[in-house]
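Topology and contacts: notes
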Amino acid sequence: MARTFILGEFRRALDERYRLSIPNEMAELLTADGDECVLAKERAGALSLWNAAQWQEKFDRSVHLVQEKMLAGRLDGRVEDVQVLGRLLSTRQTSIKLAGRSRLVLPEGFREFLGVEPGGEVLVVGAALCVELWRPERWFAYVEEQMPGFRRLFDNLSS
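A few points on the structure.

Analysis parameters
Residues numbered from 1 in each chain as written. Predicted model: local features only at pLDDT ≥ 70, side-chain atom pairs only at ≥ 80, totals over all residues. Heavy atoms only, no water. Helix = DSSP H or I, 4+ residues; strand = E, 2+ residues; numbered from the N terminus. Buried < 20%, exposed > 50% of the residue type's maximum accessible area, 1.4 Å probe, protein only. Contact = heavy atoms within 4.5 Å. Areas by Shrake-Rupley, 256 points an atom, 1.4 Å probe, with all protein chains shown as cover. Lys, Arg positive; Asp, Glu negative; His and termini not counted. Charge placed at Lys NZ, Arg CZ, Asp CG, Glu CD. Core = buried A, V, L, I, M, F, W, Y, C linked by side-chain atoms within 4.5 Å. Salt bridge = Lys/Arg side-chain N within 4 Å of Asp/Glu carboxyl O. 1 Å grid on protein atoms, 1.4 Å probe; cavity = no way out; pocket = protein on both sides within 12 Å on 5 of 7 lines; lining within 4 Å. Points joined across faces, edges and corners; volume = space filled by probe spheres on them. Nonpolar A, V, L, I, M, F, W, Y, C, P; charged D, E, K, R; others polar.

Attention shifts here to the overall build of the protein chain. Within the protein chain, the regular secondary structure consists of six helices and eight strands. Starting at the N terminus, the α and β elements of the protein chain follow one another as β-β-α-β-β-α-α-β-β-α-β-β-α-α. Dimensions of the protein chain, computed from C-alpha atoms along their principal axes, come out at roughly 50 × 40 × 30 Å. Looking at the protein chain as a whole, 32% of its 159 residues qualify as buried. In the protein chain, the share of contacts with a sequence separation of at least 24, taken over all contacts with a separation of at least 6, comes to 66%. When the accessible surface of the protein chain is split by element, carbon and sulfur atoms take 53% of a total near 10000 Å². Charge separation in the protein chain, taken as the distance between the mean sites of 22 positive and 24 negative side-chain charges, equals 0 Å.

Bringing the nonpolar core into the picture now. Judged by nonpolar contacts, the single largest core of 23 residues is most densely connected at Ile-22, Leu-39, Leu-49, Leu-106, Val-131 and Leu-133. Counting residues per element, the ones that place at least two in this core are α1 (24-30), β3 (36-43), β4 (46-51), α4 (108-114), β7 (121-126) and β8 (131-134). In terms of residues, this core owes the most to one element, α1, which gives three residues. When sequence neighbours within four positions are dropped, the list of residues in contact with Leu-39 reads Leu-47, Ser-48, Leu-49, Arg-92, Gln-93, Thr-94, Ile-96, Leu-106, Pro-107, Phe-110 and Leu-133.

Here we take up unusual backbone geometry. Residue Tyr-18 is not a glycine yet carries a positive backbone phi of 60°. For Ser-102, which is not glycine, the phi torsion reads 55° and is therefore positive. Relative to the assigned elements, Ser-102 resides in the loop between β5 (93-97) and β6 (103-105).

Attention now goes to the pattern of salt bridges. Within this structure, the stated rule accounts for six salt bridges. A salt bridge links Arg-11 to Glu-121, with the shortest nitrogen-to-oxygen separation between them at 2.5 Å. One end of the pair, Arg-11, is in strand β1 (residues 9-13); the other, Glu-121, is in strand β7, and 110 residues separate them in sequence. With a relative accessible area of 44%, Arg-11 lands in the partly exposed category. The exposure class assigned to Glu-121 is partly exposed, which follows from its relative accessible area of 40%. A salt bridge links Arg-78 to Asp-81; the nearest nitrogen and oxygen atoms lie 3.0 Å apart.

A word on the layout of surface pockets. Here the largest pocket defines a volume of roughly 990 Å³. Around the largest pocket sit 23 residues that line it, and Gly-126, Ala-127, Ala-128, Phe-150 and Leu-153 are the ones nearest its centre. No other element matches the five residues that helix α6 (residues 150-158) contributes to the lining of the largest pocket. Its volume calculated, the second largest pocket comes out at about 230 Å³. Looking at the second largest pocket, it is lined by 13 residues, and the ones nearest its centre are Phe-59, Ser-62, Val-63, Leu-85 and Leu-89. Secondary-structure elements contributing two or more residues to the lining of the second largest pocket are α2 (52-71) and α3 (79-92). A per-element tally of the lining of the second largest pocket places α2 first, with seven residues. Grouping the constituent residues of the lining of the second largest pocket by class yields eight nonpolar, three polar and two charged.

Take it as geometry only, folks, not as evidence of what the structure does.
What follows is the structure in structure tokens.
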């Protein structure tokens with residue numbers, strides 16, 4: 001888990017080479033263990049950017065659990081589900097490095113998933129444990145959908 005919550009919302013423009021600057025305060029938390037991060041597809045119009053060590057730990061634990069279930073025969077009859085999981089795991093994430101001025105280059109499959117063209121706006125949002133990159137209209141729809149339950153969620157997690 002992140003040592004400090006990553007919070008904030010920032011507007012950024014995607015340049016002509018699909019580069020995007022991450023705010024320094026967010027980038028510092030992501031790169032506390034080195035300059036490598038993991039970029040992951042989350043939901044249409046949204047990507048997440050993780051500290052590489054934290055992501056790898058979470059990823060390895062989850063994959064190991066699935067493999068143990070397979071070896072124990074608990075996933076027999078679910079071959080299609082395992083194949084879908086494998087396909088999504090194959091394309092879901094990639095390692096990237098933040099360059100000077102905390103910039104990253106969005107790889108082709110990820111920029112298509114995000115759906116933002118050069119010169120377009122991207123919202124960089126702190127999601128407590130990671131940084132998320134959102135196409136603005138998708139972000140506003142998500143917030144509108146989630147905000148009514150905010151107080152209950154906050155109270156449940158903080159009590």
